[in-house]
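Topology and contacts: notes
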Amino acid sequence: ESGQNSTSNKNYGIKLLRFFIYNPNFGPKEGEEAKKIIYFYNSDRPREGISEAQESQHHETEIKHVGLTEAAIRFAAVFSQNTKTCALGMHTQKTKSVYLEPEKDFFMILTVTIPRIKRRKHSRASELSSSPTYEYAYSPDDVHENVLREILQRAYDMFKLFTGGFLYQLFT
């Protein structure tokens, strides 16, 4: 941290982590999971200069994210009073995801990072150590699911305005 005060905190804001669209009916059998994915954006994935093995690994990661989301939506549907809507989302300490089913069986998922602050950890062990220890403080209340869901809805509305929607694209 050259030229920066070592006791200062470093802020990391919200960041788009993943955005994907899938249809569970496109790959219903074991081994056909990749067919479900219509579009997948992952900010951690390099865009060029990766080997076939790395490409395969990224593809497997995409399939796992779709599978996790699909399982969460199915699980939530068991307890839902409204069978016409999917689960609204999921969050962890580091991320928030929102789900939207704009057309029957077409799911859009948006995942963002939770803003965090990197700060020096104050403890007896770190005071005795020559190198400082750091910890992250997450701010989940700074990310509102309803705002993220509205962003997804607006993206779909624009897509539908210019292309006719998923079903229209499928049958033309």
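The structure contained in this document is the topic of the report that follows. The numbers attached to residues start from 1 for each chain and follow its sequence in the written order. With the structure being a predicted model, the display of local features is reserved for residues of pLDDT at least 70 and the display and counting of side-chain atom pairs for 80 or more, all residues being used for whole-chain, interface and lining totals. To get the side-chain values, take all heavy atoms of the structure and skip hydrogens and water.

Re the environment of leucine 110
Under the scheme used here, helices are H or I runs from DSSP no shorter than 4 residues and strands are E runs no shorter than 2 residues, and both carry numbers assigned from the N terminus. Assignment of secondary structure puts leucine 110 in strand E6 (residues 106–113). Only protein chains enter the area calculation, which uses a 1.4 Å probe; residues under 20% of their type maximum are buried, those over 50% are exposed, and those in between are partly exposed. Judged by its relative accessible area of 10%, leucine 110 is buried.

Topic: the packing of aromatic side chains
Pairing of aromatic rings covers Phe, Tyr and Trp, the last through its six-membered ring, and needs centres within 6.5 Å; plane angles under 30 degrees mean stacked, over 60 mean edge-to-face, and all others mean tilted. Applying the stated criterion to the full structure yields eleven aromatic pairs. For the ring pair tyrosine 12 and tyrosine 136, a centre distance of 6.0 Å and an interplane angle of 65° mean the geometry is edge-to-face. One end of the pair, tyrosine 12, is in strand E1 (residues 10–12); the other, tyrosine 136, is in strand E8 (residues 134–138), and 124 residues separate them in sequence. A relative accessible area of 24% places tyrosine 12 in the partly exposed class. Judged by its relative accessible area of 37%, tyrosine 136 is partly exposed. By the ring-pair criterion, three or more aromatic residues cluster together here, those being Phe26, Phe106, Tyr156, Phe159 and Phe166. Here the basic side chain of arginine 116 rests over the ring of tyrosine 136, its NZ or CZ set 4.8 Å away from the ring centre. Cation over ring: lysine 118 sits above tyrosine 134, and NZ or CZ is 5.0 Å from the ring centre. Whether a charge sits over a ring depends on NZ of Lys or CZ of Arg being within 6 Å of the ring centre and within 35 degrees of the ring normal.

Examining helix H1 (residues 52–79)
Multiplying one less than the number of residues by 1.5 Å gives the expected span of a helix. Here H1 is 28 residues long and its end C-alpha atoms lie 42 Å apart, about the 40 Å a rise of 1.5 Å per residue gives. Here a residue-residue contact requires only that any non-hydrogen atoms of the pair lie within 4.5 Å. Where H1 is buried, its residues contact strand E2 (16–22), strand E3 (37–42), strand E5 (95–103) and E6.

Thoughts on the sheet that holds E1
At least two DSSP bridges between two strands are required for those strands to pair. Judged by pairing direction, the sheet is antiparallel, and its three strands sit side by side in the order E1-E7-E8 without closing on themselves. At either end of the open sheet lies a strand with only one pairing partner, and these are E1 and E8. The sheet shows a mean angle of 25° between the axes of neighbouring strands, taken without regard to direction. Bridge count for E1 against strand E7 (residues 116–120) is three bridges, and the pairing is antiparallel. With axes taken as lines fitted to C-alpha atoms, and helix axes fitted only over the stretch in contact, angles between N-to-C directions fall between 0 and 180 degrees.

Considering the nonpolar core
What we call a nonpolar core is a set of buried Ala, Val, Leu, Ile, Met, Phe, Trp, Tyr and Cys residues that are connected through their side-chain atoms within 4.5 Å. Among the nonpolar cores identified, the biggest contains 14 residues, and Phe19, Met108, Leu110, Leu148, Leu152 and Phe166 are the most heavily contacted of them. Of all elements in the fold, only E2, E5, E6 and helix H3 (145–163) reach the threshold of two or more residues within this core. Broken down by element, the residue count for this core peaks at four residues, all from E6.

Points about the layout of surface pockets
A pocket here means an open set of points on a 1 Å grid, computed over the protein atoms alone, that has protein on both sides within 12 Å along at least five of seven lines. A cavity is instead a set of points where a 1.4 Å probe fits but cannot get out; residues with an atom within 4 Å of a point line either one. Grid points are joined across faces, edges and corners, and a volume is the space filled by probe spheres set on the points. Here the second largest pocket is characterised by a volume of approximately 150 Å³. If you trace the second largest pocket, you find 13 residues lining it, with Arg18, His65, Leu68, Met90 and Ser97 closest to the centre. Residue composition of the lining of the second largest pocket, grouped by class: five nonpolar, seven polar and one charged. By the convention adopted, Pro, Cys, Tyr, Trp, Phe, Met, Ile, Leu, Val and Ala count as nonpolar, Lys, Arg, Asp and Glu as charged, and the other residues, Gly among them, as polar.

It is worth stressing that arrangement in space is one thing and function is another; only the former is reported here.
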